[in-house]
Amino acid sequence: MDLKQCREIKWFCVSLLVVCLYLLPFFVLWEDAPVLLNDNLDNVMLFNKVLADSGQAFAPLGTGEIPAVMGGLQRDIFGSEFNPILWMYLLLSPFAVYVVNLVIMHVVALIGMFLLLKKYFVKDWRIALGVATAFALLPFLPLISLTIAGTPLALYALFNIRHNNDRFFDWLIVLFVPLFFDLVLGGFVFLGFSFALFAWDWFKHKRFNKKLLLAVVLLTSISFLKEYRLVYLMFFNPNFVSHRVEFLGYPNNFLMILGRSARSFIFSSGHSRSLHWIIALCVLVALAFQRFKNRFLLLLIFIIAAACLFGEIMKGLDLLEPLKANFSLLRTFGFGRVIFMLPVVWFIAFAVSLKVILKRKPIVAWAFIFLQIAFLFCYTEWGVQEGGIGTLLSDKMSYGEFYSTKLFDEIDGFIGLPKESYKVVSIGLHPAIAQYNRFYTVDSYQSNYPLDYKHRFRVVIEKELDKSPLHLKRYFDGWGSRCYVFVAELPLPYYYTKDLNAVVKNLELNTVALKELGGEFVFSSVEILNAEQTGLKLLKVFERNDSPWKIWLYKVEAI
């Protein structure tokens, strides 16, 4: 091993240490660590636990039921048994799974981006390692696991196979990384790129690359194998009609689409945060040095801009509505999620720009790397799962506070009935909290469930939706994945802690319809002043100093 390799290994260990420090608060604080709530603790991460608890994880295709959710949902709705996150829930405590998943994401992001950049984009291991370290500190969305964080490693293996430099390690990546990809939430973009790469070689360079084709086929086959239950449910089960067929796009004209696209380009979007403001400045400096003649950099920026535009068009351009009316796939599938791959493109552009700047102003290049790493290490925001100093600065609720198991144990003890003998519904807090505490719920946050159930649940909240036609009504009717008891007096977000002192003065629920769905009790984080008039009887109020919730427990008495 020569001196250069020793330095490279030493500095890689430093980068790994930075990533470890970024994750350290989760090990020190454990369940007291602040965590992302929206589209995280309230959704997919929870349902792997619910599935593991149900004993139905390995039920045969087309059989089994998860009785704890929405009166009993088909097993197939909860994804397949080929999900490594589910395996972890079968072996570890829930928060341990959460932390292990974070470790896998950030460490794989570091390794994958370093290998990809060093071999195929910049060669200089120092730039590759600096950019990879920054990439590994992005606030990846936990529920999609390696969909973004693992893409560089998957690209590295794919490029090696394409160039006939493959080793056994590359084929292992092809076999196992897709198991950590979420096909619906962005994984399809990587598969599309893989097919496009093969087609480009075949038609442009007249090269039929058998190894590359085999890799693409394996990637695709494993991705769809992991989601085989979803494929069966959506395309081969004639008795299942998803609530997603009623999805509506955002009401937008083309000018609004351009505005939203520009915002995505500048600020990044949703759960695929690239946090690239410093990177964008770096790219501009590099382009200026080369008088905007770097074709590869310009191509990367064009790809980002085009993806932002396409993503927003697919979300809701009015001109697409006639097509969506005739092609249900356009309504049910989130093609707008192409933007989930943009963080990888931005960081490749970052590395290429640094390569240009390093030749002219080395100190500027290293300053950009340092600033990006420091920025991400300290970054905090409501809509992301931060780490590092950002975790310590965060004002988010902690994992333990959100689920408040001791508080709900008290409620369970007061009710005194087997949990499988009754169902509950929540007002002013996520149904996921009751589900985590093993209560059986009428409501839920489901990305896929029967349309008929949505219509039956809508009867329960119909009068409340009518009070807010431009907001809650469109939100539920045009989407409905959050099958919640929405209340017109409680605008979104979906939860109200005790420090807000919120009350509902005039709740109008159809408690007869709620009873028909099996609803026996209501967990409300707000007091309902007209409870008796709407068919609810207050039993007791529960509160603990270690919980942010104050729960009014009501019995449903249909009137």
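A.B. asks: I'd like to hear about the side chain of Thr-147, residue by residue, with values.
C.D. replies: Relative to the helices and strands, Thr-147 resides in helix 7 (residues 146-149). Classification of Thr-147 as buried rests on a relative accessible area of 0%. In contact with Thr-147, not counting residues within four places along its chain, are Phe-180, Phe-181, Asp-182, Leu-185, Gly-186, Gly-187 and Met-341.

A.B. asks: So what about the pairing of strand 9 (residues 536-543)? Which residues, and what values?
C.D. replies: Here strand 9 pairs with strand 10 (residues 550-556) via seven bridges, running antiparallel. Among the inter-strand pairings, Lys-540 is bridged to a residue of strand 10, identified as Leu-553. Counting the residues that bridge the hairpin from strand 9 to strand 10 gives six residues.

A.B. asks: Explain the pattern of salt bridges to me, using residue names and the numbers behind them.
C.D. replies: The tally for this structure, following the rule as stated, stands at 26 salt bridges. Between Lys-118 and Glu-8 there is a salt bridge; the shortest N-O distance is 2.5 Å. With Lys-118 in helix 5 (residues 94-120) and Glu-8 in helix 1 (residues 3-29), this residue pair connects regions lying 110 residues apart in the sequence. By relative accessible area, which is 31% here, Lys-118 ends up partly exposed. Among the salt bridges present, the one from Lys-467 reaches Glu-464, with a minimum N-O distance of 3.0 Å. Note on Lys-467: relative accessible area 35%, which makes it partly exposed. What makes Glu-464 buried here is its relative accessible area of 1%. A network of salt bridges, in which partner residues are shared, links Arg-75, Asp-76, Glu-81 and Arg-229.

A.B. asks: Give me the lowdown on helix 8 (residues 151-162), citing residues and values where you can.
C.D. replies: In this model helix 8 runs 16 Å from its N-terminal to its C-terminal C-alpha over twelve residues, within 8% of the 16 Å that 1.5 Å per residue would give. Residues of helix 8 that are buried: Thr-151, Pro-152, Leu-153, Ala-154, Leu-155, Tyr-156, Ala-157, Leu-158, Phe-159, Asn-160, Ile-161 and Arg-162.

A.B. asks: Residues and numbers for unusual backbone geometry, please.
C.D. replies: One non-glycine residue, Trp-30, adopts positive backbone phi at about 50°. You can see Trp-30 is positioned in the loop between helix 1 and helix 2 (37-41). Judged by relative accessible area, Trp-30 falls into the partly exposed class, the value being 34%. Although it is not a glycine, Arg-291 adopts a positive phi angle of roughly 50°. Counting through the fold element by element, Arg-291 comes out in the loop between helix 14 (277-289) and helix 15 (295-316).

A.B. asks: Break down the sheet that holds strand 9 for me, citing the residues and quoting the values.
C.D. replies: Taken in spatial order, the four strands line up as 3-7-10-9 in an open sheet, and their pairing is mixed. Two strands bound the open sheet, and with one partner strand each, they are strand 3 (423-427) and strand 9. For this sheet, the mean inter-axis angle between neighbouring strands, taken without regard to orientation, is 25°. Where strand 3 lies against strand 7 (residues 519-524), five bridges are found, and the strand directions are parallel. Paired with Lys-423 across the two strands is Gly-519, which belongs to strand 7. Most of the contacts of helix 22 (residues 405-415) go to strand 9, to which it runs at about 140°, and overall it touches strand 7, strand 9 and strand 10.

What counts as what
Residues numbered from 1 in each chain as written. Predicted model: local features only at pLDDT ≥ 70, side-chain atom pairs only at ≥ 80, totals over all residues. Heavy atoms only, no water. Helix = DSSP H or I, 4+ residues; strand = E, 2+ residues; numbered from the N terminus. Buried < 20%, exposed > 50% of the residue type's maximum accessible area, 1.4 Å probe, protein only. Contact = heavy atoms within 4.5 Å. Pairing = 2+ DSSP bridges. Salt bridge = Lys/Arg side-chain N within 4 Å of Asp/Glu carboxyl O. Expected span 1.5 Å × (residues − 1). Axes fitted to C-alpha atoms, helices over the stretch in contact; angles between N-to-C directions.

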